[in-house]
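Listed below, chain by chain, are the residues.
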Amino acid sequence: MLMSQVFAPTLRETPKEAEIPSHQLMLRAGFIRKNAGGIYTYLPLAVRVLQKIERIIREELEARGCQELLLPIIQPAELWQQTGRWDVYGEEMFRLTDRHGRQFCLGPTHEEIITALVAAEVNSYRQLPLRLYQIQNKYRDEIRPRFGLMRGREFIMKDCYSFDRDQAGLDESYRLMYEAYTAIFNRCGLTTRPVEADPGAIGGNATHEFMVIADTGEAAIVYCTECDYAANVEKAELLPPAGAGESSSVDLPVVEEVYTPDCKTIKEVADYLQLPESETIKTLLYEVEGEFVMVLVRGDHTLNEYKLAAHLGTSTFRLAEDDSLVGTGFVTGFLGPINPPAKIRVIADYALQAGGPYVVGANKADYHLRNVVVGRDFTADAFADLRQAEPGDSCPRCRGRLAGARGIEVGQVFKLGTKYSKALNATYLDENGVAREIVMGCYGIGVGRTMAAAIEQNHDEDGIIWPLPIAPFHVIIVPVAYTDPAQKELADKLYAELTELGYEVLLDDRDERPGVKFKDADLIGIPYRITIGPKGIQNGFVELVTRRTRSKIEIPLEEATSKIRSIIGSV
Ligand SMILES: [Zn+2]
């Protein structure tokens, strides 16, 4: 295609509203334009990228027995009322009313509508398993749409749903989809990690998120450097430390009170006593269903309230406020597990089963206790996994070292179970004629988000660096002056030959300075650039520049096409 004909209006300046590289670069390079908050037009270069991602998705899903269909965007309220999500979704759902007063929504997701379809059409075990997917716009009225395609109000999703006879069938569907997702993101040229994630609001009992690793990612994850384990930091499990409970405290000095004026935070105490924060214990007082509970974590660790909720068996709790401590004898800033002013349940993080001695609050204003040995000077009612995982912790699977990274969630696989089939009466008759609920899974990929994440992972100060499999064009030919007949002749010949070989080629035929053309090629992010100049023609070569490495090589004219083919490889 000729560059002069490509509809890709570029911008010299970065628009102020764009905060992250993918948003900035897609606006600057002429991939998207904003219509309203979180609602975008995809320009031709973006559509080329999206279509490539979609083609890879389709191929990998069809190879695993999935069939594409297309569900309506406008969905009747009744289905959502049956599953109880009409109210749960709240303000995030775009709702509309037709001329007869019937209520509808713009689909934020499609579990209801597809389960209703399957409930109506599937009756027998012979029709299962069934795996159906679509690629389509979704709508969520985000309170703060931002980051371009990362958090839009209208966005393109691939959503797939599996319908199986039983849990074993679901396990197999899940395994296939996990395998498909791994293949899809690999083929897109992206570095991703599947991580164990929290099921959140969708419900279900197992889920993985596929994260594109990028410094700008919104999610903090940890992964094992020795095995496949990876998880969101909120979700990552931690084990009791090696050697937990082995006490060698006999020779340690006894507990002593130490004056710590106004030292209410761990940092203040550690600084004042010139100790690392890891030699202190953080004491948190929670009100749990009307009762005080003391929660202990090491001073340098962060309590994870999801884990606390799991341990307590309730999420109805809050940090005790000063008001509720009046008259109790508990002193904020100086709380500790030794001689509390009232009998209290004490829960401690696993990490406190090792290390020490520690400094703890003395339950007395301006005082702490030091030389405190866990097990000798106090015991907890329970030890549990209560803290946030951090790089350097031990892997819960193999005890290897966990490392940290940031990620952008581009896909998620869920085991839904029977939540929707129960609500919408999706049953089948088994071999014995007994009615059973269909067991479901759901599997999403944010298609636009994958494009944005690809940019977050692959860019530099000059622009986008597309991975070859999803680049809008593979090669750009830049004659320094297309008006020069010799350059034009060579450029046209290379264009024809490379196109013949199956490459998607851009030819910059514009009457612009070479610097402008090079800048645009870098900004748009075409993986390979062939430069044709008068000097090269004179000496018999063209120059091939690799966008990612900026490496330049000179290729003799007579073998240009075959050499370029051997460098780029197949697409
Ligand atoms: Zn491991």
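In this numbering scheme, every chain counts its residues from 1 along its sequence in written order. Two thresholds apply to this predicted model, a pLDDT of at least 70 for residue-level local features and 80 or more for giving and counting side-chain atom pairs, whereas whole-chain, interface and lining totals are computed over all residues.

Draft legend 1. Just the overall build of the protein, in detail. For helices the rule is a DSSP run of H or I covering at least 4 residues; for strands it is a run of E covering at least 2, with both sets numbered from the N terminus onward. From N to C terminus, the protein includes 15 helices and 31 strands. When its C-alpha atoms are laid out on the principal axes, the protein stretches across 90 × 65 × 45 Å. The burial tally for the protein puts 39% of its 571 residues in the buried class. Our contact criterion uses C-beta atoms placed from the backbone: two residues qualify when those atoms are within 7 Å. The contacts in the protein between residues at least 6 apart in sequence include a share of 70% that link residues at least 24 apart. With C-beta atoms placed from the backbone, a residue counts as buried when 20 or more other C-beta atoms lie within 10 Å of its own, as exposed when 12 or fewer do, and as partly exposed for counts between those limits.

Draft legend 2. Looking closely at the nonpolar core. By definition, a nonpolar core groups buried Ala, Val, Leu, Ile, Met, Phe, Trp, Tyr and Cys residues that connect through C-beta atoms lying within 7 Å of each other. Formed by 110 residues in total, the largest nonpolar core has its most connected members in Ile-53, Val-475, Ile-477, Ile-526 and Ile-530. A domain assignment, automatic or from a database, supplies the domain bounds used here. When residues of this core are assigned to domains, at least three map to each of domain 1 (48–237 + 404–455) and domain 3 (473–568). The residues contacting Ile-53, other than those within four sequence positions of it, are Cys-188, Val-447, Thr-450, Met-451 and Ile-470. Ile-266, Leu-296, Leu-335 and Val-360 belong to the second largest nonpolar core, which has 26 residues in total.

Draft legend 3. Representation of the packing of helix α2 (residues 44–62) against helix α6 (residues 167–187). An axis is simply a line fitted to the C-alpha atoms; with a helix, the fit covers only the stretch in contact. Between two such axes, the angle follows the N-to-C directions and lies from 0 to 180 degrees. Interaxial distance between α2 and α6 falls to 9 Å at its minimum, and their mutual angle equals 150°. By the angle between their directions, the pair α2 and α6 is classed as roughly antiparallel. The chirality of how α2 crosses α6 is right-handed. For the pair formed by α2 and α6, the contact residues are Ile-56, Ile-57, Glu-60 and Leu-61 on the first element and Ala-180, Ala-183, Ile-184 and Arg-187 on the second. For the contact of α2 with α6, a count of residues per class yields six nonpolar, no polar and two charged. Each angle gets one of four labels, with under 35 degrees taken as roughly parallel, over 145 as roughly antiparallel, 65 to 115 as roughly perpendicular, and the rest as oblique. The handedness criterion is simple: a crossing whose near helix is rotated anticlockwise from the far helix by less than a right angle is left-handed, and one whose near helix is rotated clockwise is right-handed. Note that Gly is not counted as nonpolar here; it falls among the polar residues with everything else outside the nonpolar set of Ala, Val, Leu, Ile, Met, Phe, Trp, Tyr, Cys and Pro and the charged set of Asp, Glu, Lys and Arg.

Draft legend 4. Seen up close, the sheet that holds strand β13 (residues 256–259). Pairs of strands are assigned from DSSP output, requiring at least two bridges between the strands. Strand order in the open sheet made by the three strands is β13-β19-β18, with antiparallel pairing throughout. Strand pairing shows two members of the sheet lacking a second neighbour, β13 and β18 (358–361), which therefore form its edges. When the angles between neighbouring strand axes are averaged without regard to direction, this sheet yields 35°. Two strands pair when backbone bridges link them, and β13 and strand β19 (residues 367–372) are joined in this way by four bridges, in the antiparallel orientation. Its bridge partner being in β19, Val-258 is matched across the sheet by His-368.

Draft legend 5. Spatial organisation of the domain arrangement of the protein. Segmentation of the protein into domains returns domain 1 (48–237 + 404–455), domain 2 (256–384) and domain 3 (473–568). Each of domain 2 and domain 3 was reduced to a C-alpha centroid, and the two centroids are 66 Å apart.

Draft legend 6. Broad picture of helix α11 (residues 447–457). The element α11 is extensively covered by neighbouring structure, given that 11 of its 11 residues are classed as buried. What α11 keeps buried is the set Val-447, Gly-448, Arg-449, Thr-450, Met-451, Ala-452, Ala-453, Ala-454, Ile-455, Glu-456 and Gln-457.

Draft legend 7. Structural detail: the environment of Phe-147. With respect to the element layout, Phe-147 can be found in the loop between β7 (130–139) and β8 (154–164). If we ignore the near neighbours within four places in the chain, the residues touching Phe-147 are Glu-19, Ile-20 and His-23.

Draft legend 8. Spatial organisation of the environment of Leu-429. Residue position: Leu-429 is located in strand β22 (residues 427–429). A count of 14 C-beta atoms within 10 Å places Leu-429 in the partly exposed class. For the pair formed by Leu-429 and Leu-176, sequence separation is 253 residues and the distance between their alpha carbons is 25 Å. Other than its neighbours up to four places away in sequence, Leu-429 contacts Asn-123, Ser-124, Tyr-125, Val-434 and Ala-435.

Draft legend 9. Seen up close, the sheet that holds strand β27 (residues 475–479). With mixed pairing, five strands are arranged side by side in an open sheet as β28-β27-β29-β30-β31. Every other strand in the sheet has two partners, leaving β28 (505–507) and β31 (552–556) as the edge strands with one partner each. Pairwise comparison of adjacent strand axes, ignoring direction, gives a mean angle of 25° for this sheet. Pairing between β27 and β28: three bridges, direction parallel.

Draft legend 10. Highlighting the packing of helix α1 (residues 21–28) against α11. Viewed as axis vectors pointing N to C, α1 and α11 meet at an angle of 105°, and their least axial separation amounts to 8 Å. As summarised for this structure, α1 and α11 are arranged roughly perpendicular, according to the angle between their axes. Residues Pro-21, Ser-22, Leu-25 and Met-26 of α1 touch α11, and the partners they reach there are Ala-452, Ile-455 and Glu-456. Class assignment for the residues of the contact of α1 with α11 results in five nonpolar, one polar and one charged.

Draft legend 11. Just the confidence of the model for the protein, in detail. Scored by pLDDT, the protein has a mean of 94; 97% of the residues are at 70 or more. In this model, residues 200–204 is a region of pLDDT below 50 whose contacts with residues beyond four sequence positions or in other chains number nine contacts. The score called pLDDT rates the predictor's confidence residue by residue, from a low of 0 to a high of 100.

Draft legend 12. Here's a closer look at the pairing of strand β29 (residues 528–532). Counting buried residues along β29, five of its five residues qualify, which places the element largely inside the surrounding structure. By the alternation rule, side chains of β29 split into Tyr-528, Ile-530 and Ile-532 and Arg-529 and Thr-531, which are all buried. Judged from the five bridges that link them, β27 and β29 form a sheet pairing that is parallel. The partner of Val-478 across the bridge, within β29, is Thr-531. Here β29 runs beside strand β30 (residues 541–546); their pairing, made up of four bridges, is antiparallel. Considered in β30, the bridge of Thr-531 is made with Glu-543.

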